[in-house]
Amino acid sequence: MQVASNEQIFAVPLQVEDPADCDFYHTMEVLVHGLVTGQRDVARGVDDYLGNVAFDGQRVLEIGPASGFLTFEMEKRGADVVSVEVTAEHGWDFVPYPAGNLEELFVPRAKHMERLKNSYWFSHAAHQSKAKVYYGDVYNLPATLGQFDIAVMGSVLLHCRDPLRIVEQCGKIARLLIITDIFHPDLEGTPVCRLLPASENFIWHTWWQFSTQFFTQFVGVMGFTTTSNLTHQQYYLGQANTVFTIVAQRSVSKSKSRMSGATRFPVTAPPRSNIKKLLRQMIVGTSFEPLARKIHAAFTRQ
């Protein structure tokens, strides 16, 4: 795999020694420190959450690591992980309610995001992790990140103004996509998403509810084939929720065609033994028998 050539794009690890300076999003076991409790507990169902994909030896792009549970879990399974997180200047895709309603959120939200990043780096040090973090614009990933085997978008797209832009960005640099989000059975059967915020609810942090077909159809447009689409139970704030995980893979032939500049529809030649068999079948009972025998004899002498 191609690896980023400019290591300076990755963040210098923060030195965070006190868990009191952290907001943990994930419930997880932090080495040396012990169990920390967060809003989301993925540990008991992590295999399904990650689509039962093998990570050993894979270079993985992770969108939105939060406290890093998935980062360290994938790393434990043999992955080389690069996570993408928002900058301090752009802490969230706020739903654009009137400014007067949002202003009181900006300062506490910025503080929360700082403490959330602290929880990642606290856990990063405890696990002696080698994972890297890129702080930047997830809608415009730089080419210097390189190419990846897998891109993981776990429970993050519902919070983003333009979720398909993120899927598109990941699809350009990864050969396999894992998309996990909340399952809404009433949306199933049609490739749709539903806007969650309304004038009467002030849901400023979450934009969308998705059908699974919304993503399977879009990744198909990009040349990916959905290889797995499963639902499973995960826990948020102590309550079980049904979640879906979609795994989609770009065909190897299409990937090689783009990289090598080959024709759009590459043709794979059949093995020599198969050609011989076909020629023998041509010889029997055809008006071209003499010519076929000559072709067969010439091919056999090669």
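Scroll up for the structure.
Presented here is an overview of the structure given in this document. (Residues numbered from 1 in each chain as written. Predicted model: local features only at pLDDT ≥ 70, side-chain atom pairs only at ≥ 80, totals over all residues. Heavy atoms only, no water.)

**Concerning the overall build of the protein chain**
- Looking only at helices and strands, the protein chain features 8 helices and 12 strands.
- Taken over 302 residues, the protein chain has a buried fraction of 45%.
- Taking the intrachain contacts of the protein chain between residues at least 6 apart in sequence as the baseline, contacts between residues at least 24 apart amount to 65%.
- Accessible surface for the protein chain amounts to roughly 16200 Å². Of this, 56% is attributable to carbon and sulfur atoms. (Helix = DSSP H or I, 4+ residues; strand = E, 2+ residues; numbered from the N terminus. Buried < 20%, exposed > 50% of the residue type's maximum accessible area, 1.4 Å probe, protein only. Contact = heavy atoms within 4.5 Å. Areas by Shrake-Rupley, 256 points an atom, 1.4 Å probe, with all protein chains shown as cover.)

**Topic: a negative patch on the surface**
- A cluster of like negative charges, contributed by Glu17, Asp18, Asp21 and Glu114, occupies part of the molecular surface.
- Here Asp18 shows up in the segment before β1 (28-30).
- Look at Asp18 and you get partly exposed, because its relative accessible area is 38%. (Patch = residues over 30% accessible without salt bridge, like charges linked within 9 Å, V, L, I, M, F, W, Y side chains within 5 Å. Salt bridge = Lys/Arg side-chain N within 4 Å of Asp/Glu carboxyl O. Lys, Arg positive; Asp, Glu negative; His and termini not counted. Charge placed at Lys NZ, Arg CZ, Asp CG, Glu CD.)

**A closer look at the environment of Lys117**
- By secondary structure assignment, the location of Lys117 is in helix α3 (residues 99-126).
- For the pair Lys117 and Ala66, spaced 51 residues apart in the sequence, the C-alpha separation amounts to 6.9 Å.
- Residues contacting Lys117, with those up to four places away along its chain left out, are Glu85, Val86, Thr87, Ala88 and Tyr135.
- Of the polar contacts made by the side chain of Lys117, one reaches the backbone oxygen of Val86; its length is 2.8 Å. (Polar contact = N/O pair within 3.5 Å; in protein donor to acceptor, adjacent residues only side chain to side chain.)

**Regarding α3**
- Over its 28 residues, α3 extends 40 Å from the first C-alpha to the last, a length consistent with the 40 Å expected when each residue adds 1.5 Å.
- The principal kink in α3, of about 35°, is found at Phe106, preceding the proline Pro108 by one to four residues.
- Remark: Gln128 follows α3 within two positions and exhibits a positive phi of approximately 50°. (Expected span 1.5 Å × (residues − 1). Bend = angle between axes of the 7 residues up to and from the residue.)

**Some details on the side chain of Thr212**
- Residue position: Thr212 is located in helix α5 (residues 212-221).
- Within the structure, the side chain of Thr212 is placed 3.5 Å from the side chain of Gln213, a separation counted as a polar contact.
- Those residues in contact with Thr212 that lie beyond four places of it in its chain are Phe183, Glu188, Asn229, Phe244 and Ile246.

**A few points about the pattern of salt bridges**
- The tally for this structure, following the rule as stated, stands at 9 salt bridges.
- A salt bridge links Asp23 to Arg115; the nearest nitrogen and oxygen atoms lie 2.8 Å apart. Taken as a pair, Asp23 in the segment before β1 and Arg115 in helix α3 lie far apart in primary sequence, 92 residues in all.
- On the basis of relative accessible area, Asp23 is assigned to the partly exposed category, the value being 22%.
- Arg115 gets classed as partly exposed once you look at its relative accessible area, which sits at 21%.
- Residue Arg77 is joined to Glu73 by a salt bridge in which the shortest nitrogen-to-oxygen separation is 2.9 Å.

**Here we look at the packing of aromatic side chains**
- Counted under the stated rule, the structure contains 11 aromatic pairs.
- Between Phe210 and Phe214 the ring centres are 5.5 Å apart and the planes differ by 20°, which places this aromatic pair in the stacked class.
- Of the residues examined, Phe210 reaches a relative accessible area of 1% and is grouped as buried.
- The exposure class assigned to Phe214 is buried, which follows from its relative accessible area of 13%.
- Grouping aromatic residues by their ring pairs yields a cluster made of Phe210, Phe214, Phe215 and Phe244.
- Sitting above the plane of the Tyr235 ring, Arg44 keeps its charged end 3.8 Å from the centroid.
- Its guanidinium or amino end placed over the ring of Phe10, Lys132 lies 5.9 Å from that ring's centre, counting from NZ or CZ. (Phe/Tyr/Trp six-rings, centres within 6.5 Å; stacked < 30°, edge-to-face > 60°. Lys NZ or Arg CZ within 6 Å of the ring centre and 35° of its normal.)

**Regarding the packing of helix α4 (residues 163-173) against α5**
- Orientation of α4 relative to α5, taken along the N-to-C sense of each, is 40°, at an axis distance of 11 Å. One element, α4, and the other, α5, form an angle in the oblique class. The crossing of α4 and α5 is right-handed. Seen from α4, the contacting residues are Leu164, Val167 and Glu168; seen from α5, they are Phe214, Phe215, Phe218 and Val219.
- Tallied by class, residues from the contact of α4 with α5 come to 6 nonpolar, no polar and 1 charged. (Axes fitted to C-alpha atoms, helices over the stretch in contact; angles between N-to-C directions. Parallel < 35°, antiparallel > 145°, perpendicular 65-115°, else oblique. Left-handed = near helix turned anticlockwise from the far one by under 90°. Nonpolar A, V, L, I, M, F, W, Y, C, P; charged D, E, K, R; others polar.)

**A few points about the sheet that holds strand β7 (residues 148-154)**
- An order of β3-β11-β12-β8-β7-β4-β5-β6 is seen for the 8 strands of this open sheet, with the pairing classed as mixed. The open sheet is flanked by β3 (40-41) and β6 (132-135), the only strands paired with a single partner.
- On the sheet, α3 packs against β5 (80-85) and β6 and is oriented at approximately 160° with respect to β6. (Pairing = 2+ DSSP bridges.)

That's the geometry; what it means functionally is another story.
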